[in-house]
Amino acid sequence: MRVDLLYGAELVLIIAVPRAADRWQQVGIGREVADNFFRLRNGRSVLLQKVDNKGMVIEVATKALVNPKGNDNYRLEFSGEGPYPELGCLYLIVVEECTTKYRYFILMPGTKGYDEVDGFSNALPSLGRRGAKRKSMTTLTELERVWEGCWIRSGSEVAVL
């Protein structure tokens, strides 16, 4: 399976994922992010491609947007391993490859690129309701300007399916 090339104008969503016991992989995205980034309504699906730190797609899954009745707490489930970090927060970086197709990776505190993304995300306007963990949108080119070693464009083929 070939992976589409990324050119830099792609939208990027940066989410500071809150601690949620043992289910931090179920990421609350809110209505604004569901509408403006994923362009999804409840029950619709997206193709999520998890990439490793070389930019290679290592997992592909179709996930549905979940919205419990009576609130705007939309959620998507992403693949992630291990416990939530004791210090700091983890960042989920999602890059729109095309409509309903996204690449993503998770940055833990202490990993390459974390400090750059942390500072950049805090400088961007936040999406969603006040008091919620930070969600910001930018472009791939802008992300690469602050994080020179960003690997999201590096891979050109799927490593594992």
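Here the structure is shown first, and the text comes after it.
### Observations concerning the pattern of salt bridges
Pairs can form between side chains of opposite charge whenever their charged atoms are close. Summed over the entire model, instances satisfying the criterion amount to four salt bridges. With its nearest N and O atoms 2.7 Å apart, the salt bridge here joins Arg103 to Glu97. Residue class for Arg103 comes out buried when judged on its relative accessible area of 1%. Judged by relative accessible area, which is 11%, Glu97 ranks as buried. Three or more residues joined by partner-sharing salt bridges are found here, namely Glu97, Lys101 and Arg103.

### Brief notes about unusual backbone geometry
Its identity as a non-glycine residue notwithstanding, Thr100 has a phi of 65°, on the positive side. Relative to the elements of secondary structure, Thr100 occurs in the loop between β6 (90-98) and β7 (101-107).

### Concerning the pairing of β6
Within β6, eight of the nine residues are buried, leaving the element largely enclosed by the surrounding structure. Pairing of β6 with β7 involves seven bridges; the strand directions are antiparallel. Directly across from Tyr91, in β7, lies its bridge partner Leu107.

Here is what the cut-offs are and how they apply
- Residues numbered from 1 in each chain as written.
- Predicted model: local features only at pLDDT ≥ 70, side-chain atom pairs only at ≥ 80, totals over all residues.
- Heavy atoms only, no water.
- Salt bridge = Lys/Arg side-chain N within 4 Å of Asp/Glu carboxyl O.
- Buried < 20%, exposed > 50% of the residue type's maximum accessible area, 1.4 Å probe, protein only.
- Helix = DSSP H or I, 4+ residues; strand = E, 2+ residues; numbered from the N terminus.
- Pairing = 2+ DSSP bridges.

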